[in-house]
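Next come the chains, spelled out residue by residue.
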Amino acid sequence: MEFKYDVIVIGAGHAGCEAAAAAANLGSKTCLITMDMNKIGQMSCNPAVGGIAKGQIVREIDALGGYMGLVTDRTAIQFRMLNRSKGPAMWSPRAQCDRGKFIWAWREVLENIPNLHIWQDTVEELLVENGEVTGVVTCWGVTFHAKCVVLTAGTFLNGLMHIGRKMLPGGRCAEPASYHLTESITRHGITAGRMKTGTPVRIDARSVHFDLMDIQDGENDFHRFSFISEPRPLQQLPCWTCFTNEEVHATLRSGLADSPLYNGQIQSIGPRYCPSIETKIVTFSDKPQHQLFLEPEGESTRELYLNGFSSSLPMDIQLEALKKIPCFQDVVLYRPGYAIEYDYFDPTQLRHTLESKRVRNLFFAGQVNGTTGYEEAGGQGIVAGINAHINCHGGEPFVLGRDEAYIGVLIDDLVTKGVDEPYRMFTSRAEYRILLRQDDADMRLTGRSYRLGLAKRYRYDRLCSKRAEVEHIIDFAKTYSVKADRINDALEGLGATRLTHGCKLIDLLTRPQLNIGNLAPLIPAFQEMLDQVKEPKAETLEAAEVLIKYKGYIDRERTIADKIHRLEAIRIRGKFDYEQLQSLSTEARQKLVKIDPETLAQASRIPGVSPSDINVLLVLMGR
C-alpha cells in the first residue's frame, strides 16, 4: 500500500460515508479512516431516517447521487409520510430501519466504489504546512499524505458519557473516544467548543404489554426515499405509542439531584428540539403526560427503541420510572439511556464549501459543525466530499443556494449565523420551502449533479423522462376543454360546485375537492393519456398535480427568490476593512469581521447586521 491519497475522510458516520463516496465517485483517490469497520454508518441513536425537513434533505442527497436514500429504502422496516394534513411543502418522509442491515448495506456500497479504500484506525494528528493540510497521523503511527482532509468525527472527539453521577470516556456506548485530534486542530487557530446529546433506554420486546399500547402502522404506497429505488424488500413492522403520567414524573423528579444536567456535571448545551425526559418535566412542569413512541430496532431483533425517553438520570431511576407506565410494568432493559459530551468546531470558521478559512483544504462536516441528526450530517458530507474533489482536481466551488436545497439553508445558517446549541433542520428555517418540496428534489438537483459528474446517466435519463411526462400532463390539462353538462352530476357527487359553463381541465384540478385520481375516470381522454405514463407512474402524477394546484404560490416564491439573487451576485469579500467603517454599527462591524461574508446577501443574514448596515455597504459599492 501507498498511504498517499487525494482525499482522506476521518470518520465513517453518515457525513463520512457520503463524503468518501462522493469524492471517490467523482474520481479522487480516497481513503475513509474509521475506528471500526463493523460500525460504518452506525445509527447511534434512533434507527430512523427522515422526519420533518430531514426527509427533504435525504431526498436531496439522493438527487445529488448520494446513498443515504438508497440504503434507507433497502433496510426500511416502516415508512410514513409525515404532515399529510398540510400542504406539499410540509410533507416529509420518514423510515424506521433495521440498524444492523443499515450498517452492512452501507459497507457493501463503500467497498464496491472504485478509488475508495477503507482503513481501520484512529486519527490522532493533523499535518499542516504553510497553512495547508498535508495529511494525518494515526494512533498506529501510520502517516497518510493527502491533498484534502474531511473531518467527520461525530461525537467521538474527547467524548464523555454520563449516567447519573457515573462518567465514562467514549464516543458511543462500548466504543472509545478519540483523543488528541481536537488539540491538533485548535493549535492552528480553529476554535472548538463542547456540546451534549443523549439517547434513551433500549427495551426487550418480550417484557412489553403491547395490548396496553396504541399501534401505529406504516404506509405501503409508492413513496420511497430514493427516486431510483426498487420497492422496499424487508418486512414492514408497526410502532406503538403510550404516555407518561404523574407517577412517572414524580419518580423522575426524585432523581434530579443526581442528574448530570442539573447537578453541574454537564456544562455544555444539548439539543433544544430533542430534549431529555428530565428536561421535559422541568421545562413543561404543567404537562401531566408526554407521548412516547416504541420503535423496532430491526426486522428480527427483540430490541426496541423508546423514542421520547432520552435520559442521563441514574439507571435505577430510569427503570423505576418506566415501571410506572402500565405497558412497561414488567419491563426488561438491554441498556439504560445516557448523555454524551463531545467537541465541535465553530462553523462560522468555514466557507460555504465547508472548507476551513484557517487551514486550506481542510473540510468539516456533520456533528463536528454543531449539528444534530444523521440527515444534516449526510447533507454536509456530500457537499464536503464534492468540494474536496474539486480542490484536488480543479473546478468551480459547489455551493447550494437557500432557494435550491435544504442543504443550502443548513450550510448557510451554519457558516453565517453559527450555533449556540445543536442545530436541527426544520421546514420553518427555509424561507422558500414551497420551492424545496420532497417531491421535486430530483428536479432541482439531479441535473446539476449530472453535469458535475456525480449523478449517473441512468438517474439523469429517468429525470428527463419524468420531467417530460409531467410537462405533458400539465399541457394536456391546460388545453383540454370540459363541458359542463357532461360532468356536473359527477362534480356534485364529489362535493364540488357545479359548472355554469365549460372550462379547461386545469381549472377543475385546482379545486381542493378534485384531483387527478377522481377526475380521470370521468374524462376518458384524460384517462387514456394517463394510461400512457411510464413508471414510476404514481410519482409522476403526484409531481404534476402539485405543480398544477400550487402554481400561484410556487411562482410567487420564485419571484421573491430571484430578487434576493441580486444581492447574492454582489460579492463583497476582500472589498472592505469593516473595522474602519464608522458608519456601520459596532455590532455589525464585529460580526462582519468575524464572518467575512462572501456576498451582500450573506451579510444581510448575519444576526446583528441591520438593513441600514446593508444600505451603507450598497452605497459604498456604488449601488
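A quick note: this is a predicted structure, and the numbers were derived from the prediction, not measured.

Novice: So, the overall build of the protein: which residues are in play, and what are the values?
Specialist: Along the protein, the regular secondary structure elements total 21 helices and 21 strands. Taking 623 residues into account, the globule formula puts the C-alpha radius of gyration at 25 Å, and the protein, at 26 Å, falls close to it. Taking the principal axes of the C-alpha coordinates as reference, the protein spans close to 80 × 70 × 55 Å. A buried classification covers 58% of the 623 residues belonging to the protein. Residue pairs in contact within the protein that sit at least 24 positions apart in sequence constitute 73% of those at least 6 positions apart.

Novice: Explain the packing of helix H2 (residues 54–63) against helix H9 (residues 374–393) residue by residue, including any values.
Specialist: The packing of two helices is summarised by the inter-axis angle and the distance between the axes. It is the contact of H2 with H9, at a shortest axis distance of 9 Å, that shows an interaxial angle of 30 degrees. In terms of axis orientation, H2 runs roughly parallel to H9. The handedness of the crossing between H2 and H9 comes out as left-handed. From H2, Lys 54, Ile 57, Val 58 and Ile 61 reach across to H9, where they touch Glu 375, Glu 376, Gly 378, Gly 379 and Ile 382. The residue inventory of the contact of H2 with H9, partitioned by class, reads four nonpolar, two polar and three charged.

Novice: Tell me what's going on with the side chain of Arg 444, and back it up with residues and numbers.
Specialist: You can see Arg 444 is positioned in helix H11 (residues 441–452). In terms of polar contacts, Arg 444 uses its side chain to reach the side chain of Glu 60, at 2.9 Å. Ignoring sequence-local partners within four residues, the contact set of Arg 444 consists of Glu 60, Glu 404, Ala 405, Leu 435, Leu 436 and Arg 437.

Novice: Let's hear about the environment of Arg 351: which residues, and what values?
Specialist: Relative to the elements of secondary structure, Arg 351 occurs in the loop between strand E18 (338–345) and strand E19 (362–364). Arg 351 sits 48 residues away from Val 399 along the chain, and the two C-alpha atoms are 9.6 Å apart. Those residues in contact with Arg 351, other than ones at most four positions away along the chain, are Ser 356, Lys 357, Val 415, Arg 573 and Glu 598.

Novice: Can you break down the pattern of salt bridges residue by residue, with the values?
Specialist: Taken as a whole and assessed by the stated rule, the structure comprises 46 salt bridges. Close ionic contact of Glu 108 with Arg 74 constitutes a salt bridge, the shortest N to O distance being 3.1 Å. Of this pair, Glu 108 sits in helix H4 (residues 99–111) while Arg 74 is found in helix H3 (residues 68–75), placing the two residues 34 residues apart along the sequence. Classification of Glu 108 by relative accessible area gives partly exposed; the value is 44%. Residue Glu 587 pairs with Lys 591 through a salt bridge whose shortest N-O separation is 3.3 Å. Of this pair, Glu 587 and Lys 591 both sit in helix H19 (residues 586–595), four residues apart, roughly one helical turn.

Novice: Tell me what's going on with the environment of Glu 320, and back it up with residues and numbers.
Specialist: Here Glu 320 lies in helix H8 (residues 315–322). Judged by its relative accessible area of 41%, Glu 320 is partly exposed.

Novice: Got a sec to walk through the nonpolar core? Specific residues and values, please.
Specialist: Among the nonpolar cores identified, the biggest contains 106 residues, and Ile 8 and Leu 110 are the most heavily contacted of them. Examining the composition of this core, we find that nine residues originate from one element, H9, more than from any other. Phe 476, Leu 491, Leu 499 and Leu 509 belong to the second-largest nonpolar core, a separate cluster that totals 29 residues.

Novice: Mind laying out the sheet that holds strand E3 (residues 48–50), listing which residues take part and the relevant values?
Specialist: The strand order across the open sheet formed by three strands is E3-E5-E4, and the pairing between neighbours is antiparallel. On the outer flanks of this sheet lie E3 and strand E4 (76–82), each paired with one strand and no other. Each neighbouring strand pair of the sheet contributes to a mean axis angle of 15 degrees, computed without reference to strand direction. As judged from the three bridges shared by E3 and strand E5 (residues 92–97), these two strands associate in the antiparallel manner. Note that in E5 the partner of Val 49 across the bridge is Ala 95. Where H3 meets the sheet, its contacts fall on E3, E4 and E5, and the angle it forms with E4 comes to roughly 115 degrees.

Novice: Please set out the side chain of Gln 78 residue by residue, giving values where relevant.
Specialist: Mapping Gln 78 onto the fold places it in strand E4. Residue classification places Gln 78 among the buried positions, given a relative accessible area of 3%. Of note is the side chain of Gln 78, whose polar atom sits 3.0 Å from the backbone oxygen of Leu 237. In this structure Gln 78 touches Arg 94, Ala 95, Gln 96, Gln 216, Asp 217, Gly 218, Gln 236, Leu 237, Pro 238 and Cys 239, once residues within four positions along its chain are discounted.

Novice: Let's hear about helix H12 (residues 457–479): which residues, and what values?
Specialist: Between its first and last C-alpha atoms H12 spans 33 Å; for 23 residues at 1.5 Å apiece the expected length is 33 Å, and the two agree. Burial in H12 covers these residues: Arg 459, Arg 462, Leu 463, Lys 466, Glu 469, Val 470, Ile 473, Ile 474, Phe 476 and Ala 477.

Novice: How would you sum up the packing of aromatic side chains? Please name residues and give values.
Specialist: Geometrically, a pair of aromatic rings is defined through the distance of the ring centres and the angle of the planes. For the structure shown, the criterion picks out 14 aromatic pairs. Ring geometry for Tyr 67 versus Trp 106: centroids 6.0 Å apart, planes at 65 degrees, classification edge-to-face. Residue Tyr 67 is located in the loop between H2 and H3, and its partner Trp 106 is located in helix H4; the two are separated by 39 residues in the primary sequence. For the pair Tyr 67 and Trp 106, a shared accessibility class is recorded, and that class is buried. Between Phe 576 and Tyr 578, the aromatic rings sit 5.9 Å apart at their centres with planes inclined by 40 degrees, giving tilted as the arrangement. An identical accessibility class is assigned to Phe 576 and Tyr 578; each is buried. An aromatic cluster of at least three residues, connected via ring pairs, comprises Phe 3, Tyr 5, Trp 119 and Phe 144. Lys 29 extends its terminal NZ or CZ atom over the ring of Tyr 5, reaching a point 5.0 Å from the ring centre. In this structure, Arg 429 is placed above the aromatic ring of Tyr 423, and the distance from its NZ or CZ to the ring centre is 4.2 Å.

Novice: Please provide a residue-by-residue account of the packing of H12 against helix H17 (residues 537–549), values included.
Specialist: At a minimum axis separation of 9 Å, H12 and H17 run at an interaxial angle of 50 degrees. Of the possible angle classes, the one that applies to H12 and H17 is oblique. Considering how the two elements wind past one another, H12 and H17 form a crossing that is right-handed. Between H12, through Lys 466, Glu 469, Val 470, Ile 473, Ile 474 and Ala 477, and H17, the contact on the second element is made entirely by Glu 539, Thr 540, Leu 541, Ala 543, Ala 544, Leu 547 and Ile 548. Classifying every residue of the contact of H12 with H17 by side-chain character gives nine nonpolar, one polar and three charged.

About the criteria used
- Residues numbered from 1 in each chain as written.
- Predicted model: local features only at pLDDT ≥ 70, side-chain atom pairs only at ≥ 80, totals over all residues.
- Heavy atoms only, no water.
- Helix = DSSP H or I, 4+ residues; strand = E, 2+ residues; numbered from the N terminus.
- Rg over C-alpha atoms; globule rule 2.2 N^0.38 Å.
- Buried < 20%, exposed > 50% of the residue type's maximum accessible area, 1.4 Å probe, protein only.
- Contact = heavy atoms within 4.5 Å.
- Axes fitted to C-alpha atoms, helices over the stretch in contact; angles between N-to-C directions.
- Parallel < 35°, antiparallel > 145°, perpendicular 65-115°, else oblique.
- Left-handed = near helix turned anticlockwise from the far one by under 90°.
- Nonpolar A, V, L, I, M, F, W, Y, C, P; charged D, E, K, R; others polar.
- Polar contact = N/O pair within 3.5 Å; in protein donor to acceptor, adjacent residues only side chain to side chain.
- Salt bridge = Lys/Arg side-chain N within 4 Å of Asp/Glu carboxyl O.
- Core = buried A, V, L, I, M, F, W, Y, C linked by side-chain atoms within 4.5 Å.
- Pairing = 2+ DSSP bridges.
- Expected span 1.5 Å × (residues − 1).
- Phe/Tyr/Trp six-rings, centres within 6.5 Å; stacked < 30°, edge-to-face > 60°.
- Lys NZ or Arg CZ within 6 Å of the ring centre and 35° of its normal.

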